[in-house]
Amino acid sequence: DVEPENIPPTVTITAPADGANFLEGDDVNVTVTASDSDGNVTGVELFLDDASQGAVTSEPYSWILSDLVAGSYMLKAVATDDEDATSEQVITITIIEDTGENIPPTVNFTNPNDGDTYTEGDDLSVTASASDLDGNVTGVEFIFDGNSQGTDDTAPYEWALQNLAIGTYDLQ
């Protein structure tokens, strides 16, 4: 009899997001999910750059990283299953020096994606996420072809574009 080949576990760093920024001195909470379709996850180990931050053998897989100095860091989560197969995910985070000066917030469109195509007459829900390292986001202004369409002051930040005409548009 031939035994089926072991399928490696899956692992996902659920927090922080890849590319996330933190202020120097802030704790970084790391959470990971892991599963194994043909067995059990026996542990997840977290690495900061190439230094182990410890292994956790049962859910929740979480760590708190403290006292990180300004710079860019690689976080790697490695899941191991009951047959010693492994898988990993790598993300990058950045620690920013806290100079005491105001750091501008960041905003990213969550819909639409750059280059998306729609049909004439379609309605489009424009959504964005925003964060501020050293304060609170008070609103996101939506700009359509250079003209302000208004500000949404509550997350999730949304604006509706109705009855699209043929053309290419610039959203900010």
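Everything discussed here concerns the structure shown above.
Residues numbered from 1 in each chain as written. Predicted model: local features only at pLDDT ≥ 70, side-chain atom pairs only at ≥ 80, totals over all residues. Heavy atoms only, no water.

A. Structural context of the nonpolar core. Judged by nonpolar contacts, the single largest core of 24 residues is most densely connected at Val30, Val32, Val44 and Ile93. Of all the secondary structure elements, the ones that give two or more residues to this core are strand S1 (10–15), strand S3 (28–35), strand S4 (41–48), strand S6 (61–65), strand S7 (71–81) and strand S8 (86–96). Other than its neighbours up to four places away in sequence, Val32 contacts Val11, Thr12, Ile13, Thr14, Val44, Tyr61, Trp63 and Ala77. Among the nonpolar cores identified, the runner-up in size contains ten residues, and Ala128, Phe144, Leu161 and Leu164 belong to it. (Core = buried A, V, L, I, M, F, W, Y, C linked by side-chain atoms within 4.5 Å. Buried < 20%, exposed > 50% of the residue type's maximum accessible area, 1.4 Å probe, protein only. Helix = DSSP H or I, 4+ residues; strand = E, 2+ residues; numbered from the N terminus. Contact = heavy atoms within 4.5 Å.)

B. Molecular detail of the sheet that holds strand S5 (residues 51–56). Taken in spatial order, the five strands make up an open sheet running S2-S8-S7-S4-S5, and their pairing is mixed. A single partner strand is all that each edge strand has here, and the edge strands are strand S2 (21–23) and S5. On average, adjacent strands in this sheet sit at an angle of 25 degrees to one another, irrespective of strand direction. Bridge analysis of S7 against S8 gives ten bridges, and the strand direction is antiparallel. When the bridges of S8 are listed, Lys76 appears paired with Val90. (Pairing = 2+ DSSP bridges. Axes fitted to C-alpha atoms, helices over the stretch in contact; angles between N-to-C directions.)

C. Examining the pairing of strand S13 (residues 157–161) more closely. By the alternation rule, side chains of S13 split into Tyr157, Trp159 and Leu161, which are all buried, and Glu158 and Ala160, of which none is buried. Looking at chain direction, strand S10 (residues 124–131) and S13 are connected through five bridges and run antiparallel. When the sheet's bridge partners are listed, Leu124 is paired in S13 with Leu161.

D. Main features of a negative patch on the surface. Together, Asp1, Glu3, Asp38, Asp82, Glu83 and Asp84 give the surface a local cluster of negative charge. Within the secondary structure layout, Asp82 lies in the loop between S7 and S8. On the basis of relative accessible area, Asp82 is assigned to the partly exposed category, the value being 39%. (Patch = residues over 30% accessible without salt bridge, like charges linked within 9 Å, V, L, I, M, F, W, Y side chains within 5 Å. Areas by Shrake-Rupley, 256 points an atom, 1.4 Å probe, with all protein chains shown as cover. Salt bridge = Lys/Arg side-chain N within 4 Å of Asp/Glu carboxyl O. Lys, Arg positive; Asp, Glu negative; His and termini not counted. Charge placed at Lys NZ, Arg CZ, Asp CG, Glu CD.)

E. Just the layout of surface pockets, in detail. Of the voids in this model, the largest pocket is the one considered here, and its volume is about 480 Å³. Lining the largest pocket are 21 residues, and of these Pro112, Asp116, Tyr118, Tyr169 and Leu171 sit closest to its centre. Split into classes, the residues belonging to the lining of the largest pocket amount to eleven nonpolar, six polar and four charged. Its volume calculated, the second largest pocket comes out at about 210 Å³. If you go around the second largest pocket, you meet 15 residues; those closest to its centre are Asn21, Thr106, Ser131, Asp132 and Leu133. Of all elements in the fold, only strand S9 (106–111) and S10 reach the threshold of two or more residues within the lining of the second largest pocket. Taken together, the residues of the lining of the second largest pocket break down into eight nonpolar, six polar and one charged. (1 Å grid on protein atoms, 1.4 Å probe; cavity = no way out; pocket = protein on both sides within 12 Å on 5 of 7 lines; lining within 4 Å. Points joined across faces, edges and corners; volume = space filled by probe spheres on them. Nonpolar A, V, L, I, M, F, W, Y, C, P; charged D, E, K, R; others polar.)

F. View of the sheet that holds S6. Taken together, three strands build an open sheet; the order of strands is S1-S3-S6 and the sheet is antiparallel. Of all strands in the sheet, those bounded by a partner on one side alone are S1 and S6. Recorded for the sheet is a direction-independent mean angle of 25 degrees between the axes of neighbouring strands. Relative to S3, S1 is paired through five bridges, and the arrangement is antiparallel. Bridging from a neighbouring strand, Val11 pairs with Ala34 of S3.

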